[in-house]
Amino acid sequence: QSRIFANSFLQELRMYIRTGQFERGISIIQDIEKGLQKYQGRIGSALQLNMYYYISCIWFGADNYSKSLHWLNKLLNLFKTEQRKDMYSFAKILNLIVHYELGNDDLLSYIVRSTYRFLYGRNRLYKFENVVLDFIEKKTPNLTTRQKLIEAFRELKTELEEITKDPFEKQALEYFDFISWAESKIENRPFAEVVREKAKTIS
């Protein structure tokens, strides 16, 4: 029962994230929280990490960055070094993006250094991780005008699109749509709107 609960809700969350239906995702979070409480101690930590991550993505897509950060913190606090290093890595990168959206500029340099240390210690660094870290650390502090912001995000989008030609990198980017996030900044549109439009063209 606990596995059925976790897997069914994970599939539903993934669908809402891929199609940009973040408000529908929010509508099932309360049921998920009840299930997590009901099956406490009976859900594998890997499934729990996935659930926390996808709930964080749902809140991010709904522009509620504080709640997105809340679920990311739950994930980061639950993580153990021998478990799901890939998920922890994606969470660390998303954590940077959330703090950027929250305007926590004073924390970003520390978080970037901490993220670099973890990723290099893992002995495998995705190209997209390097690109996003470099963007947050070196470019975002200089985005003082709308024109500079657009130019920086265009460069980020171009780099990410080039990286996704590599199947290994493309698979990693499926955990969070960084390209749509860059597009939303370039076009000054909600992230959810960009994701929904892309989902329609694919379907």
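## Let's talk about the overall build of the protein
- Counting secondary structure elements, the protein contains 12 helices and zero strands.
- Across its three principal axes, the protein shows a C-alpha extent of roughly 50 × 40 × 35 Å.
- Summarising the internal contacts of the protein: among those between residues at least 6 apart in sequence, 64% fall at separations of at least 24.
- Here the protein displays about 10,800 Å² of accessible surface, and carbon together with sulfur accounts for 47% of that area.

## Focus: the pattern of salt bridges
- Counting across every chain of the model gives 11 salt bridges.
- Measuring nitrogen to oxygen at the nearest pair gives 3.2 Å for the salt bridge that ties Asp134 to Lys138. Placement of both Asp134 and Lys138 in helix H8 (residues 127–139) is noted, with a separation of four residues, approximately one turn of the helix.
- Judged by its relative accessible area of 24%, Asp134 is partly exposed.
- Ionic pairing is found between Lys165 and Glu162, a salt bridge with its closest N-O pair at 3.0 Å.
- What emerges from the salt-bridge pattern is a single network uniting Lys157, Glu161, Glu183 and Lys198.

## Side note on the nonpolar core
- The biggest cluster of nonpolar side chains holds 72 residues, and the ones touching the most others in it are Met51, Tyr53, Phe128, Phe153 and Trp181.
- Apart from the residues within four sequence positions on either side, Met51 is in contact with Phe5, Ala6, Phe9, Leu10, Leu13, Ile32 and Leu36.

## Regarding the packing of aromatic side chains
- Tallied over the entire structure, the rule returns 24 aromatic pairs.
- Between the aromatic rings of Phe60 and Phe176, the centroid separation amounts to 5.1 Å while the plane-to-plane angle is 90°, which identifies the pairing as edge-to-face. Taken together, the positions of Phe60 in helix H4 (residues 45–61) and Phe176 in the loop between helix H10 (167–173) and helix H11 (178–187) put the pair 116 residues apart, joining distant regions of the chain.
- Judged by relative accessible area, Phe176 falls into the buried class, the value being 4%.
- Geometrically, the ring pair formed by Phe128 and Phe178 is tilted, given 5.4 Å between the ring centres and 45° between the ring planes. One end of the pair, Phe128, is in helix H8; the other, Phe178, is in helix H11, with 50 residues separating them in the sequence.
- When the ring centre of Trp71 is taken as origin, the NZ or CZ atom of Lys74, which lies over that ring, is 5.3 Å away.

## Regarding the environment of Leu107
- Here Leu107 is to be found in helix H7 (residues 105–121).
- Sequence-wise, Leu107 and Leu96 are 11 residues apart; in three dimensions their C-alpha atoms are separated by 9.4 Å.

## Side note on the packing of H4 against helix H5 (residues 65–78)
- H5 packs onto H4 with a crossing angle of 165° between their chain directions and a minimal axis gap of 7 Å. Taken as axis vectors, H4 and H5 run roughly antiparallel relative to one another. Seen from above, H4 lies across H5 with left-handed handedness. For the pair formed by H4 and H5, the contact residues are Ser45, Gln48, Leu49, Tyr52, Tyr53, Ile55, Ser56, Trp59 and Phe60 on the first element and Tyr65, Lys67, Ser68, Trp71, Leu72, Lys74, Leu75 and Leu78 on the second.
- Residues of the contact of H4 with H5, tallied by class, amount to 11 nonpolar, four polar and two charged.

## So, the environment of Asn77
- Here Asn77 lies in helix H5.
- When the C-alpha atoms of Asn77 and Trp59 are compared, they prove to be 18 Å apart, with 18 residues separating the residues in sequence.

Criteria and cut-off values
- Residues numbered from 1 in each chain as written.
- Predicted model: local features only at pLDDT ≥ 70, side-chain atom pairs only at ≥ 80, totals over all residues.
- Heavy atoms only, no water.
- Helix = DSSP H or I, 4+ residues; strand = E, 2+ residues; numbered from the N terminus.
- Contact = heavy atoms within 4.5 Å.
- Areas by Shrake-Rupley, 256 points an atom, 1.4 Å probe, with all protein chains shown as cover.
- Salt bridge = Lys/Arg side-chain N within 4 Å of Asp/Glu carboxyl O.
- Buried < 20%, exposed > 50% of the residue type's maximum accessible area, 1.4 Å probe, protein only.
- Core = buried A, V, L, I, M, F, W, Y, C linked by side-chain atoms within 4.5 Å.
- Phe/Tyr/Trp six-rings, centres within 6.5 Å; stacked < 30°, edge-to-face > 60°.
- Lys NZ or Arg CZ within 6 Å of the ring centre and 35° of its normal.
- Axes fitted to C-alpha atoms, helices over the stretch in contact; angles between N-to-C directions.
- Parallel < 35°, antiparallel > 145°, perpendicular 65-115°, else oblique.
- Left-handed = near helix turned anticlockwise from the far one by under 90°.
- Nonpolar A, V, L, I, M, F, W, Y, C, P; charged D, E, K, R; others polar.

Any functional reading would require information that these geometric values do not contain.
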